[in-house]
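Below are the chains, spelled out letter by letter.
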Amino acid sequence: MARILVSLLFFFVSVAALIGASHAGSIAVYWGQNGNEGTLEATCATGRYAYVNIAFLNQFGGGRTPGINLAGHCNPASNGCASVSNGIRSCQSRGVKVMLSIGGGAGSYSLGSQADARNVADYLWNNFLGGSSSSRPLGSAVVDGIDFDIELGSTRHYDDLARALSAYSSRGRKVYLTAAPQCPFPDSHLGAALNTGLFDYVWVQFYNNPQCQYTSGNINNLVNSWNRWTSSINAGKMFLGLPAAPAAAGSGYIPPNVLTSQVLPAIKKSPKYGGVMLWNKNYDDQNGYSASIRASV
């Protein structure tokens, strides 16, 4: 009888632990939009980030000549960004996954058809992934995948682009797909793409949208939105996307103590929880946000 009681006690304790379990996560960050944020090598050398999105390839599709804008870091027009290859390799040697982010809040991009999407996928494969081209803007290093931060223009054919990029994984090296939708569900630009189920990491932007973000003293809208996203999207891991400083977004900044004491305990119960995404490295440097939350993520 004693053995049965011990077994039952162990069973109930195990069940309780599983029910109350929270999941450890990591931090993703966007790099490339401020020349004062340091190099890619230095970014990954901090040890704070598991994922870095190079931002942005902000001109593509519709017959446009693809164009990358890394703000004050380098000038791609003079082949000046090829040196970023050293940073990509340095990050990868530390176990950090590096994505090229396409889109952004400023630029000229859209996809006009399935064929257009395939052409853009081919361009990305040959110029940033495992293919070959004489004009690789970031040099010979191979990024780990493509991040979709689509905020402008047409909402069509990003599902076709996701499928075309995913198909390249069959060539021996996985092409990771990540996305940064806005928190209103479903995202108007990325809804169809996310419904493909092909995305490994989704960092939802829980800012600049009062209906689904944190407001002073109220985490309910954010948590309700998080639950909607995690229960509706078939993706590898979901991340809480946040501004790294009050100035990084118009609204939605969460003080670090509120994030660690109130928000993270509420959202980490989801088995899809992957961590926190920060916009961006420059603001993180100024505010020390990742350093202050890292132990709790």
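Residues numbered from 1 in each chain as written. Predicted model: local features only at pLDDT ≥ 70, side-chain atom pairs only at ≥ 80, totals over all residues. Heavy atoms only, no water.

(A) Layout of the overall build of the protein. Helix and strand counts for the protein stand at 10 helices and 10 strands. The principal-axis extents of the C-alpha atoms in the protein amount to approximately 75 × 40 × 40 Å. Within the span of the protein, comprising 297 residues, buried residues form 49% of the whole. Summarising the internal contacts of the protein: among those between residues at least 6 apart in sequence, 73% fall at separations of at least 24. Summed over its atoms, the accessible surface of the protein is roughly 12,500 Å², and 51% of this surface lies on carbon and sulfur atoms. (Helix = DSSP H or I, 4+ residues; strand = E, 2+ residues; numbered from the N terminus. Buried < 20%, exposed > 50% of the residue type's maximum accessible area, 1.4 Å probe, protein only. Contact = heavy atoms within 4.5 Å. Areas by Shrake-Rupley, 256 points an atom, 1.4 Å probe, with all protein chains shown as cover.)

(B) Inspection of the side chain of Thr230 at higher detail. With respect to the secondary-structure elements, Thr230 resides in helix 7 (residues 220-232). Within polar-contact distance, the side chain of Thr230 engages the backbone oxygen of Asn227 at 3.3 Å. Here Thr230 is in contact with Met238, Ser270 and Lys272, once residues within four sequence places are set aside. (Polar contact = N/O pair within 3.5 Å; in protein donor to acceptor, adjacent residues only side chain to side chain.)

(C) Spotlight on the state of the cysteines. In the structure shown here, the tally under the stated rule is three disulfides. Put simply, Cys44 and Cys91 are joined by a disulfide, and their sulfur atoms are 2.0 Å apart. Residues Cys44 and Cys91 are joined by a disulfide whose S-S torsion is about 95°; by sign, that bridge is right-handed. Residue Cys44 is found in helix 2 (residues 40-45), and its partner Cys91 is found in helix 3 (residues 84-93); the two are separated by 47 residues along the sequence. This pair shows no difference in class: Cys44 is buried, exactly as Cys91 is. Each disulfide pairs two cysteine sulfurs, and for Cys183 the partner residue is Cys212, the sulfurs being separated by 2.0 Å. Because the torsion about its S-S bond is 75°, the bridge between Cys183 and Cys212 counts as right-handed. (Disulfide = S-S within 2.5 Å.)

(D) Broad picture of helix 7. With 13 residues, helix 7 should cover 18 Å at 1.5 Å per step; its first-to-last C-alpha distance of 18 Å lies within 8% of that length. Among all positions in helix 7, only Leu222, Val223, Ser225, Trp226, Trp229 and Thr230 are buried. The buried residues of helix 7 occupy an angular sector of 165° when projected down its axis, which confines them to one face. Residues of helix 7 that are exposed and angled more than 90 degrees away from the buried face: Asn224 and Ser231. Buried positions along helix 7 lie against helix 6 (191-194), strand 8 (201-205), strand 9 (237-243), helix 8 (256-267) and strand 10 (273-279). (Expected span 1.5 Å × (residues − 1). Arc of directions from axis to C-beta.)

(E) Up close: the pattern of salt bridges. Per the counting criterion, the structure on display carries six salt bridges. Between Lys174 and Asp200 there is a salt bridge whose closest N-O contact spans 3.1 Å. Residue Lys174 is located in the loop between helix 5 (158-167) and strand 7 (176-179), and its partner Asp200 is located in the loop between helix 6 and strand 8; the two are separated by 26 residues in the primary sequence. Judged by relative accessible area, Lys174 falls into the partly exposed class, the value being 40%. Overall, the relative accessible area of 15% leaves Asp200 in the buried class. A salt bridge links Asp285 to Lys281; its shortest N-O distance comes to 2.9 Å. Taken together, the positions of Asp285 and Lys281, both in helix 9 (residues 281-287) and four residues apart, correspond to about one turn of that helix. Judged by its relative accessible area of 36%, Asp285 falls in the partly exposed class. Judged by its relative accessible area of 4%, Lys281 falls in the buried class. In this structure, a network of salt bridges that share partners links the residues Arg48, Lys281 and Asp285. (Salt bridge = Lys/Arg side-chain N within 4 Å of Asp/Glu carboxyl O.)

(F) Layout of the pairing of strand 10. Here strand 10 lies mainly inside the structure; seven of its seven residues are buried. The pairing of strand 1 (residues 26-31) with strand 10 spans four bridges and is classified as parallel. The residue bridging Ala28 from the neighbouring strand is Met277, located in strand 10. At this point the chain moves from strand 9, through helix 8, to the parallel strand 10, and the crossover so formed is right-handed. (Pairing = 2+ DSSP bridges. Right-handed = clockwise from strand over helix to strand, strands pointing away.)

(G) Looking closely at the pairing of strand 9. For strand 9, the tally of buried residues reaches six of seven residues, placing the bulk of the element in the interior. In terms of strand pairing, strand 8 meets strand 9 through five bridges, oriented parallel. Along strand 9, the bridge assignment pairs Gln205 with Gly241. Crossover connection from strand 8 via helix 7 to parallel strand 9: handedness right-handed. Two elements, strand 9 and strand 10, share six bridges in a ladder whose sense is parallel. Bridged to Pro243 within strand 10 is Trp279.

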